[in-house]
Amino acid sequence: MDLDLPLIWAILIAVAVMLYVLLDGMDLGIGILTGLAKDDEERNLMTATIEPVWDGNETWLILGGGGLFAAFPLAYAILMPAFYLPVLLMLAALIFRGVAFEFRHKAVRKPTKLFWNGAFFGGSLAAALAQGLILGGFIQGVTVEGRAFAGGAFDWLTPFSLLVAVSVAIGYVLLGACWLILKTEGDVQDRARKRAFMALVGVGVCFAAVSLATLSIDPRVTERWGFSMTHMDFGKLLPLSPIPLFGIVMVVLAARDLTLNVHAPDWRPYLFSVGVFLSGYIGLAVSLFPNLVPFEVDIWEAAARDNALGLMLVGAAIMLPVILIYTGYVYSLFWGKVDPDEAYHD
Amino acid sequence: MELDALILSRLQFAFVVAFHILFPAFTIGLAAFLAVCEGLWLWTKRDVFKRLYLHWIKIFALAFAMGVVSGVVMSYQFGTNWSVFSDKAGSVIGPLLGYEVLTAFFLEATFLGVMLFGWKRVGNKLHFIATCAVAIGTTISAFWILSANSWMQTPVGFATDPETGNFYATDWWAVIFNPSFPSRYVHMMLAAFITTAAVIMAAGAWQVIRGHSSQPTRWQIRMAAGTLCLLMPLQIWAGHWSGEVAHEYQPAKVAAIEGWWDTRDVQGTVLFAIPDEDNERNIAEITVPGTSPYLFANAHGPLQGLKDFAREDRPPVFIVFWAFRIMVGAGLVMLALGIWGAILWWRDRIDKPGLFHLLAVPGGALGFVAVLTGWITAEVGRQPYTVYGFLRTEDSVAPVSAEQVATSLLIFMIVYAIVFTAGTVYMARIATRGFGDDPADPPERENRAPGSALGAVDDKAEMPTPNRQRAK
């Protein structure tokens, strides 16, 4: 049997990036929400909900980046220089966000404490925006000549990428707020519920705007969904329509749980917001497939040698289930409402 | 020298990787130390090991966080600044880095959560397993990254695609276990353990000088001195092994390390010199003649000097020559400190402040000095290639503008200056404070998981409050 190794690896990396978006996206969303925290106690409670897991969550980003390098070196070699500045912004932001988890608790004097609280909020927000800018720049496509990026340093900066950046940040806030509903109680939970609803409204508007804008980005995308200047091709649109419809249903269900149905289980809004993200993510994947550098290089052109992909597939087939099992174990270990006294910080 | 994108990218890579390596070097050793402490505590039930564990885990959390964030930067550097290298070598070293993520990064990152936050939720044994998982993760991580880096030094087991000019593996076993990998992996692991031992000894010595000495202080100096005595001789052997391999595969690097310009049958050991690259000679050279038959026993035929290589194929001699000597010097001082500490241990004078303690405190930095200069020797010695003999550094760089790289370099310098200064201050603050008084009799919470004690009172009592600190 001949395996289509590039296709398998494209799916694996897409899943890794998806997990990053869902897991660390939630961490970044909580980071943004700490900017609205009432006091340090609430802030500590918010960060305590993710402290044991954030490091593992961020590792999916390394698998996304490292996996792209390993499996699709050509795409990595074109995309990274294309997004040089937003990648730099993301890395600098993630540095501040990452160390602030620890440093917030170590700062003794008030100004330094304020600084690291600010770094946690600002780093989370900037990382979310930078990831949105990269995604936006990715969707709109990059200029390629030969085997290299041949565009300008600011090609990624367009109204479209700014729209995507804002959407990603609001989406992360939704995930973060829903995680807080799941992990906290009382006042903190009530506030998280209100913020989750506001974020949900924002997500509904933004995701719809991004979807429409994406359809008009390139005629090939428009055509894939069955639209054209002259007519609509329902044969193409109908099989794909469950993807956006699923997203709309998820938004409605989440809205219902966040407002009318306050006695819904605490995990449900989180599950629905994950659903919203899945719909958007799969919709994008369908729009762009099989491009890995839209609209220049596809997954087969960008792929590493089959023997490299095969070697890694053996590792991934063994290790990914193991990783998912122990990640699941650690999440279950820390399941339930967060206990503020549990942190090891002195 | 014109500051083009190539030289700026090289400076940036040198800067971010030099900062990064400090933390893995420290956390590999510290994770092992923590695993040993927790294991000894579970085995002997002696309170002192638990106190050491609870003390150093706080420093570990900080160092690990800084290692993670500076490591994420590394995983994007190849693409943003060395994209041609990524394209050309991706099919060979990509999978090695992929395996590092799959087998090590997730293991470390996930079980770190249990290690730091899981005390109340898991039993002692499971917590110990989490500590071991983190320690093993750091070791596996070093395995893959050293393998990838060693392949760049001694590339074998691959061929070149005639169409694209890209490398691809023909023999994975040969790629992973390339000629320089075993010696360099052993050399790096020992360096990590030694670096950590030097820091632990320095922190203990500081506590003795300040009069904060207690039972854990004495034990940490003993363990560190013992480690240095044991591992430094091994390290000298590992370094020599690494040099023998380099002699076989990278003679130009060895010639730069040794400061040899002419090819001779028997070479001497240059103790001091100022290499003059323009005139191809050493200034103010002090040499012990006739040593090469002993130091390079595996050599066949004459030992090549730098003049044997075209100028454009030589590494920068001055940097390689001096980085190597600083590394060796730092190592020898650490060996001496280790032996000294062991003698004081034997004579039961480890907590009497003296010259040893005064020297051991700055000695805590020597491991880092040796790691940095060792890596400079290895990587600058690899120049002018990224993949030794096959891909030149100047042909590896990404098509980004000098302005962009200058911006990123500046930003990285500012960010790292803030973050790592703060981190070092916080780590030093924890490391230098003592363990408080020896408890008259060991606390009854002996049988609880380490974490429950961490949240408990005695731990808080050991930290000086801001007010008390200011009063000093």
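- Looking at an unreviewed UniProt entry, one finds chain B named Cytochrome ubiquinol oxidase subunit I, with Henriciella pelagia as its source organism.
- UniProt lists a comment for chain B under the heading Sequence similarities (unreviewed entry), and it reads "Belongs to the cytochrome ubiquinol oxidase subunit 1 family."

- The name an unreviewed UniProt entry gives chain A is Ubiquinol oxidase subunit II, cyanide insensitive, with Henriciella pelagia as the organism.
- In its Sequence similarities (unreviewed entry) section, the UniProt record describing chain A reads: "Belongs to the cytochrome ubiquinol oxidase subunit 2 family."

1. Digging into the packing of helix 7 (residues 159-183) of chain A against helix 8 (residues 186-215) of chain A
All names here are of chain A.
Here is step 1: It is at 7 Å that the axes of helix 7 and helix 8 come closest, and there the two elements cross at 150°. One way to sum up the angle between helix 7 and helix 8 is to call them roughly antiparallel. Regarding helix 7 and helix 8, the two cross each other, and that crossing is left-handed.
Here is step 2: A breakdown of the residues in the contact of helix 7 with helix 8 according to their chemical character gives 20 nonpolar, five polar and two charged.

2. Details of the interface of chain A and chain B
Here is step 1: Between chain A and chain B, the residue contacts involve 69 residues of the former and 74 residues of the latter.
Here is step 2: Of the roughly 6800 Å² buried between chain A and chain B on both sides combined, carbon and sulfur atoms contribute 73%.
Here is step 3: The interface formed by chain A and chain B holds two salt bridges in total.
Here is step 4: Between the two partners, chain A and chain B, sit 17 residue pairs in polar contact (both at pLDDT 80 or more).
Here is step 5: When residues of the side of chain A that touches chain B are traced back to their parent elements, those giving at least two are helix 3 (54-71), helix 4 (73-82), helix 5 (84-106), helix 6 (110-140), strand 2 (148-149) and helix 14 (306-333) of chain A.

3. Focus: the confidence of the model for chain B
Residue and element names in this part refer to chain B.
Here is step 1: For chain B, per-residue confidence averages 85 on the pLDDT scale, and residues scoring 70 or more make up 92% of the total.
Here is step 2: Per-residue pLDDT stays below 50 along residues 438-472; that stretch engages in 57 contacts with residues further than four places along the chain or on separate chains.
Here is step 3: The ipTM for the predicted assembly is 0.85, set against a pTM of 0.86.

4. What about the pattern of salt bridges?
Here is step 1: Counting across every chain of the model gives 23 salt bridges over all chains.
Here is step 2: For Arg382 of chain B, the salt bridge identified is with Glu379 of chain B, shortest N-O distance 2.4 Å. Neither residue differs from the other here; Arg382 of chain B and Glu379 of chain B are each classed as buried.
Here is step 3: Taken together, the shared-partner salt bridges in this structure form one network comprising Asp24, Glu58 and Arg97 of chain A.

5. Remarks on the packing of aromatic side chains
Here is step 1: Counting across every chain of the model gives 47 aromatic pairs over all chains.
Here is step 2: Measuring from ring centre to ring centre gives 5.0 Å for Phe143 of chain B and Phe181 of chain B, while their planes differ by 90°; the resulting arrangement is edge-to-face. Here the residue Phe143 of chain B occupies a position in helix 4 (residues 124-153), and Phe181 of chain B occupies one in helix 6 (residues 181-209), the gap between them amounting to 38 residues. Each member of the pair Phe143 of chain B and Phe181 of chain B is classed as buried.
Here is step 3: Centroid distance Trp151 of chain B to Phe158 of chain B: 5.3 Å. Interplanar angle 80°. Geometry classified as edge-to-face. Considered together, Trp151 of chain B and Phe158 of chain B belong to a single accessibility category, that of buried residues.
Here is step 4: Linked through ring pairs, Tyr99, Phe143, Trp144, Trp173, Phe177, Phe181 and Tyr185 of chain B together constitute an aromatic cluster.
Here is step 5: When the ring centre of Tyr168 of chain B is taken as origin, the NZ or CZ atom of Arg305 of chain A, which lies over that ring, is 3.6 Å away.

What counts as what
Residues numbered from 1 in each chain as written. Chains lettered and ligands numbered in written order. Predicted model: local features only at pLDDT ≥ 70, side-chain atom pairs only at ≥ 80, totals over all residues. Heavy atoms only, no water. UniProt positions renumbered as here; feature names shortened; annotations may be inferred. Axes fitted to C-alpha atoms, helices over the stretch in contact; angles between N-to-C directions. Helix = DSSP H or I, 4+ residues; strand = E, 2+ residues; numbered from the N terminus. Parallel < 35°, antiparallel > 145°, perpendicular 65-115°, else oblique. Left-handed = near helix turned anticlockwise from the far one by under 90°. Nonpolar A, V, L, I, M, F, W, Y, C, P; charged D, E, K, R; others polar. Contact = heavy atoms within 4.5 Å. Buried area = accessible area lost by both parts, 1.4 Å probe. Salt bridge = Lys/Arg side-chain N within 4 Å of Asp/Glu carboxyl O. Polar contact = N/O pair within 3.5 Å; in protein donor to acceptor, adjacent residues only side chain to side chain. pLDDT = per-residue confidence, 0-100. Buried < 20%, exposed > 50% of the residue type's maximum accessible area, 1.4 Å probe, protein only. Phe/Tyr/Trp six-rings, centres within 6.5 Å; stacked < 30°, edge-to-face > 60°. Lys NZ or Arg CZ within 6 Å of the ring centre and 35° of its normal.

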